[in-house]
Amino acid sequence: MNVIDPPVVPFNRTYVAGNELDYLAEAVHQGSTCGDGPFTRRATALLRELTGAAEALLTTSCTHALEMSALLLGLRPGDEVIMPSFTFVSTANAYALRGATPVFADCRPDTLNLDERLVEAAITERTRAVVVVHYAGVACAMEAIGELCERYGLTLIEDNAHGLGGSYRGRPLGSFGALAAQSFHSTKNAQCGEGGALLLNDGDLITRAEIIREKGTDRSRFFRGQVDKYRWVDIGSSYLPSDVLAAQLAAQLEVFGDIQRRRQAVWHAYHEGLADWADRNGVARPAVPDGCAHPAHLYHLLLPDLGNRQAFIGHLAGLGVQAAFHYHPLHTAPAGRRYGRPAPGGCPVTESVADRLVRLPLFAGLDEAGVTRVVDAVLTYRVRR
Ligand SMILES: Cc1ncc(COP(=O)(O)O)c(C=O)c1O
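Caption draft 1: Examining the sheet that holds strand E6 (residues 167–168) more closely. The three strands are arranged E7-E6-E10 in an open sheet whose pairing can be described as antiparallel. Edge positions in the sheet fall to strand E7 (171–172) and strand E10 (292–293), since each of these pairs with one other strand and no more. Pairing analysis gives two bridges linking E6 to E7, with the strands arranged antiparallel. Following the sheet pairing, Ser167 is matched in E7 by Pro172.

So this is what it looks like as structure tokens:
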């Protein structure tokens, strides 16, 4: 394959799941495309059903939902927030924007989630919150982390960007934290290009969250007829998406079960098809502990070292398969060093897995031929010792 040819199997491709195009046309013709219209209400109701959240507020991104959580907590310079180093920049950036210090703890070598055994040692008198990220939608050890948060009076926040549709011991991800942030970016299981939501499981936070999302005004209450004019009542910003985006999202959430069946089929085809090859080559497949039902958000492999990881990505590209690495450790990133610090013991597991991890193509529209092409391409790679 010539290097400028597009991949035969891309890493991700937007999937048209149902009524997206009809709903988009309806949204454009409905007379107003601003936020909190009929499609926002529809998408919000579906999201509440899926997650069991007391309230859900659509936002323009997961990044913005995380920023809202930082505003809701009233974080100040000097406050500390514990989180994994192995995550996307937005998990940390949201709190650094308020002047708080992200404290980066290491991840577990099996699930790549925040290692619950390291959280207590990271707590100081300045710690205000713990943010968990359910990597690939496989749940963190929620009993242990929830118990620590309760014991030390810390707010638990879920960055649930990967976890929509996943559960832990039967309970939906996104329902454990006082707050949870969802992403509907185009790489996510349900998507609208760019979008997100803040789930509120603590009813006391709902009124203020609505205000923060509406530029610091009580406009949501005004639209419900609860006040006769709306005013500037708090700090906030503009975090609500256009109803056009909500239309695309509502169409996807309506057929979320179908999207999930398709993604699960791809995930399981990889998991079974690559088992022997992985064993022979010393490659680790995803670990899913008992009690975790994951939403097939991504399929990743851990190669033995960086050299093999890079060679493997190149090998797949040569066969028309686009694979991707993932997070750069936040504690060693330039802004991570400036605004945060590692927890005691550092993050050696994060540094190792960040070098070795590869994600294979996974999207709802990936057909059997595409999956076979990916599996066949992987099977022809021999790990170099
Ligand atoms: C763990 C995590 N949190 C937050 C985000 C940011 O999501 P968004 O693009 O919706 O802001 C991402 C993006 O992929 C992510 O992986």
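Read on, since the account is not over.
Caption draft 2: A look at the sheet that holds strand E2 (residues 80–84). Strand order in the open sheet formed by eight strands is E1-E9-E8-E5-E4-E2-E3-E12, and the pairing between neighbours is mixed. Unpaired on one side and paired on the other, strand E1 (55–59) and strand E12 (341–342) mark the two borders of the sheet. As paired elements, strand E3 (residues 101–105) and E12 share two bridges and run parallel to each other. Counted as the bridge partner of Phe104 is Pro342 from E12. Across the sheet, helix H7 (residues 206–213) is in contact with E1 and strand E9 (196–200); its angle to E1 comes to roughly 10°.

Caption draft 3: Region of the structure containing the site of the ligand. Around the ligand sit 16 residues, and of these Thr63, Asp159, Ser183, Lys188 and Tyr327 come closest. Thr63 places a side-chain nitrogen or oxygen 2.5 Å from an oxygen atom of the ligand. For the ligand, whose unbound accessible area comes to 400 Å², protein coverage reaches 91%. Going through the elements one at a time, helix H3 (62–73) and helix H4 (89–96) are the ones with two or more residues in the shell around the ligand. Of the residues contributing to the shell around the ligand, the split by class is five nonpolar, nine polar and two charged.

Caption draft 4: The arrangement of the domain arrangement of the chain in detail. Taken as a whole, the chain is organised into domain 1 (20–254) and domain 2 (256–379). A separation of 25 Å is found between the C-alpha centroids of domain 1 and domain 2. Taken together, the contacts link 46 residues of domain 1 with 40 residues of domain 2. Put simply, domain 1 and domain 2 have one salt bridge between them. A salt bridge links Glu80 to Arg341; the shortest N-O distance between them is 2.9 Å.

Caption draft 5: Fine view of the packing of aromatic side chains. Here the structure, examined in full by the defined rule, presents 11 aromatic pairs. Lying over the aromatic face of Phe176, Arg171 brings its terminal NZ or CZ to 4.1 Å of the ring centre.

Caption draft 6: Summary view of the side chain of Asn113. Tracing the backbone shows Asn113 in the loop between E3 and helix H5 (119–122). Here Ala139 takes part through its backbone oxygen, which lies 3.2 Å from a polar atom of the side chain of Asn113. When near neighbours in sequence (up to four residues on either side) are disregarded, Asn113 contacts Asp106, Cys107, Arg108, Val133, His134, Tyr135, Val138, Ala139 and Cys140.

Caption draft 7: Up close: the environment of Val227. Tracing the chain through its elements places Val227 in the loop between helix H8 (219–223) and helix H9 (243–254). Sequence-distant contacts of Val227, defined by excluding residues within four places in its chain, comprise Asp218, Arg221 and Phe222.

Caption draft 8: Looking closely at H9. Look at H9: 16 Å from first C-alpha to last across 12 residues, which is about the 16 Å you get at 1.5 Å a residue. Buried residues dominate H9, accounting for nine of its 12 residues. Among all positions in H9, only Asp243, Ala246, Ala247, Gln248, Leu249, Ala250, Ala251, Gln252 and Leu253 are buried. In the core, the buried residues of H9 are packed alongside helix H1 (20–29), helix H2 (38–51), E1 and helix H10 (256–273). With a side-chain oxygen positioned 3.0 Å from the backbone nitrogen of Val244, the residue opening H9 is Ser242.

Caption draft 9: Structural view of the pattern of salt bridges. Inspection of the entire model under this criterion finds 17 salt bridges. Measuring nitrogen to oxygen at the nearest pair gives 2.9 Å for the salt bridge that ties Glu55 to Arg48. The exposure class assigned to Arg48 is partly exposed, which follows from its relative accessible area of 31%. We note a salt bridge from Arg208 to Asp234, for which the minimum N-O separation is 2.6 Å. A residue pair is termed long-range when its members are at least 10 positions apart, and Arg208 in helix H7 and Asp234 in the loop between H8 and H9 qualify at 26 residues.

Caption draft 10: How the structure looks around unusual backbone geometry. Of note, the phi angle at Leu112 is positive, near 65°, even though the residue is not glycine. For Leu112, the position within the fold is in the loop between E3 and H5. With a relative accessible area of 2%, Leu112 lands in the buried category. Despite not being glycine, Lys215 has its phi angle at roughly 60°, a positive value. With respect to the helices and strands, the residue Lys215 is situated in the loop between H7 and H8.

Scoring rules and cut-offs
- Residues numbered from 1 in each chain as written.
- Predicted model: local features only at pLDDT ≥ 70, side-chain atom pairs only at ≥ 80, totals over all residues.
- Heavy atoms only, no water.
- Pairing = 2+ DSSP bridges.
- Helix = DSSP H or I, 4+ residues; strand = E, 2+ residues; numbered from the N terminus.
- Contact = heavy atoms within 4.5 Å.
- Axes fitted to C-alpha atoms, helices over the stretch in contact; angles between N-to-C directions.
- Near = heavy atom within 4 Å.
- Polar contact = N/O pair within 3.5 Å; in protein donor to acceptor, adjacent residues only side chain to side chain.
- Areas by Shrake-Rupley, 256 points an atom, 1.4 Å probe, with all protein chains shown as cover.
- Nonpolar A, V, L, I, M, F, W, Y, C, P; charged D, E, K, R; others polar.
- Domains from an automatic or database assignment.
- Salt bridge = Lys/Arg side-chain N within 4 Å of Asp/Glu carboxyl O.
- Phe/Tyr/Trp six-rings, centres within 6.5 Å; stacked < 30°, edge-to-face > 60°.
- Lys NZ or Arg CZ within 6 Å of the ring centre and 35° of its normal.
- Expected span 1.5 Å × (residues − 1).
- Buried < 20%, exposed > 50% of the residue type's maximum accessible area, 1.4 Å probe, protein only.

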